[in-house]
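Coordinate analysis (summary)
What follows is the residue order along each chain.
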Amino acid sequence: MSAYTTISPEKLARLIGTPNSPAVIDVRTEDDFAADPRLIPGALRRKAEAVRDWGKEFAGRPVIVTCLRGEKLAQGTAAWLRHLEVRAETLDGGFQGWKAAKLPLVPLAKLPPRDAEGRTVWVTRARPKIDRIACPWLIRRFVDPRAVFLFVAPAEVVGVGERYDAAPFDIENVFWSHRGERCTFDVMVEEFGLTSPPLLRLATMVRGADTARLDLCPEAPGLLAASLGLSRMYDDDLKQLEAGIVLYDAFYRWCRDATDETHNWPTNKVKP
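Take the overall build of the protein chain next. A count of helical and extended segments in the protein chain gives 11 helices and 10 strands. Taking 19 Å as the expected radius of gyration for a compact globule of 272 residues, we find that the protein chain reaches 20 Å, a close match to that expectation. Dimensions of the protein chain, computed from the C-alpha atoms along their principal axes, are close to 65 × 65 × 30 Å. Long-range pairs, those at least 24 residues apart, make up 69% of the contacts in the protein chain with a sequence separation of at least 6. As displayed, the protein chain has an accessible area near 14300 Å², and 53% of this comes from carbon and sulfur atoms. Computed over 38 positive and 37 negative side-chain charges, the separation of the two mean positions in the protein chain equals 4 Å.

Encoded structure:
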């Protein structure tokens, strides 16, 4: 049975992708990480021996620490974090336990370079509708919770990306873009190794709404309507993104937890 300071891979997997997800800190040694340079979705790399320097940034937040097997490095780091008033637990079985459970892992090589504050930076066209809201949601929830998104004029996306070391997405002739019948969200789900059933279901909805193939699934027209409605409500792209994050949180939870649930309004039967 797990101790009160550990969390199972299955329980952590239920939290990742939701607004209440804890910060996941990977303290594997450089050799262990080089042997498998993938990350638990949303995880941040930190050096265990430097915990006294970086730990305070997580004060008051729930944190899950993982090393290779959830042993001394994770246990020691979590203990130090608790000393720094961080609500820290360790991942039962560590990275190996997560991998053995066949849970998603994000290849580090797919992530763009991080800025001086450790954030990935992305750039796309202004006035987002569907893909350009869905993709930031996926990145914030499963890849980099602190990711920065820049919305600029279409003609300036590539130039801004080069000047500010930002990864361009959802424009033609870049890596993170449509491929054949698949939209950019499809591509990110696949490239980041996030092909869980709920995200694949959501990807079908996004593809249908984004590529005008509303027959792909019954939910695509509703997603399109909600997305276009949000684009009319907000002039500020970043405020629209924040509202869209909540929208995709709801659709993801439906895809994961509520696809079989129905809502029937009770009818009052009148006796003859």
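Ordered by their spatial adjacency, 3 strands build an open sheet running 9-8-10, and the pairing between neighbours is parallel. Two strands lie at the open edges of the sheet, namely strand 9 (148-152) and strand 10 (167-168), each paired on one side alone. Sheet topology places strand 8 (residues 121-125) next to strand 9; 5 bridges connect them, and they run parallel. Across the sheet, R125 pairs through a bridge with V152, a residue of strand 9. Relative to strand 8, helix 7 (residues 157-164) is tilted by about 165 degrees, and along the sheet it contacts strand 8, strand 9 and strand 10.

This next bit is on the sheet that holds strand 1 (residues 6-7). Pairing is parallel in the open sheet, where 5 strands are placed in the order 1-6-5-2-4. This sheet does not close on itself; its edge strands, each paired only once, are strand 1 and strand 4 (44-45). The pairing of strand 2 (residues 23-26) with strand 4 spans 2 bridges and is classified as parallel. Following the sheet pairing, D26 is matched in strand 4 by R45. Relative to strand 6 (residues 87-91), helix 4 (residues 72-83) is tilted by about 170 degrees, and along the sheet it contacts strand 1, strand 5 (62-66) and strand 6.

Across all of its chains, the model carries 10 aromatic pairs by this definition. Measuring from ring centre to ring centre gives 5.8 Å for W137 and F142, while their planes differ by 70 degrees; the resulting arrangement is edge-to-face. In this structure, W137 and F142 share a single accessibility class: buried. With a centroid separation of 4.8 Å and 90 degrees between ring planes, the pair formed by F175 and W176 is classed as edge-to-face.

The subject of this paragraph is the packing of helix 6 (residues 131-142) against helix 8 (residues 184-191). Contact geometry for helix 6 and helix 8: axes closest at 9 Å, N-to-C directions at 20 degrees. In terms of axis orientation, helix 6 runs roughly parallel to helix 8. Pair helix 6 / helix 8 crosses with right-handed handedness. In contact with D131, A134, C135, W137, L138 and I139 of helix 6, helix 8 contributes T184, F185, M188 and V189. Counted by class, the contact of helix 6 with helix 8 contains 8 nonpolar, 1 polar and 1 charged residues.

In terms of nonpolar packing, the biggest core is built from 57 residues, with W122, W137, F185, L202 and Y248 touching the most fellow members. Among the elements of the structure, helix 5 (94-100), helix 6, strand 9, helix 8, helix 9 (197-210), helix 10 (220-233) and helix 11 (237-258) are those that each provide at least two residues to this core. Top element by residues in this core is helix 11. It accounts for 8 residues. Other than its neighbours up to four places away in sequence, L202 contacts W137, F185, Y248, F251, Y252 and C255. Judged by nonpolar contacts, the second largest core, of 17 residues, contains A23, V51, C67 and A74.

So, on to unusual backbone geometry. The backbone of D170 shows a phi angle near 60 degrees, a positive value even though the residue is not glycine. Within the element layout of this structure, D170 appears in the loop between strand 10 and helix 8. Positive phi values are uncommon outside glycine, yet A212 reaches one of about 60 degrees. Relative to the helices and strands, A212 is located in the loop between helix 9 and helix 10.

The rules we used
Throughout this description, residue numbers start from 1 for each chain and increase along the sequence as written. Only residues with pLDDT of at least 70 get local features here, since the model is predicted, and only at 80 or more are side-chain atom pairs given and counted; chain-wide, interface and lining totals rely on the full set of residues. To get the side-chain values, all heavy atoms of the structure are used, and hydrogens and water are removed first. In this text, helices come from DSSP runs of H or I with a minimum length of four residues, and strands from runs of E with a minimum of two, each type numbered from the N-terminal end. A radius of gyration in this sense is built from C-alpha atoms; the matching globule rule multiplies 2.2 Å by the number of residues raised to 0.38. Contact between two residues is taken to exist if any of their heavy atoms lie within 4.5 Å; hydrogens are not considered. Shrake-Rupley sampling with a 1.4 Å probe provides the accessible areas, and residues are treated as covered by the protein chains on show and by no other component. A positive count includes Lys and Arg, and a negative count includes Asp and Glu. His and the chain ends are not counted in either. By convention, charge coordinates are those of NZ in Lys, CZ in Arg, CG in Asp, or CD in Glu. We treat two strands as partners when DSSP finds at least two bridges between them. Axis lines are fitted to C-alpha atoms, over the contacting stretch for helices. Their N-to-C directions set the angle, which ranges from 0 to 180 degrees. Classification of ring pairs rests on two measures: the distance between centres of Phe, Tyr or Trp rings, Trp counted by its six-membered ring, which must be within 6.5 Å, and the angle between planes, read as stacked under 30 degrees, edge-to-face over 60 and tilted in between. Categorising residues by exposure relies on relative accessible area from a 1.4 Å probe, with only protein chains included: less than 20% of the type maximum marks a residue as buried, more than 50% marks it as exposed, and the intermediate range marks it as partly exposed. Orientation labels follow simple angle bins: below 35 degrees gives roughly parallel, above 145 gives roughly antiparallel, 65 to 115 gives roughly perpendicular, and whatever is left gives oblique. A clockwise turn of the near helix away from the far one marks a right-handed crossing, whereas an anticlockwise turn of less than a right angle marks a left-handed crossing. When residues are sorted by character, Ala, Val, Leu, Ile, Met, Phe, Trp, Tyr, Cys and Pro go into the nonpolar class, Asp, Glu, Lys and Arg into the charged class, and all the rest, Gly among them, into the polar class. Each nonpolar core is a collection of buried residues, namely Ala, Val, Leu, Ile, Met, Phe, Trp, Tyr and Cys, held together in the definition by side-chain atoms within 4.5 Å.

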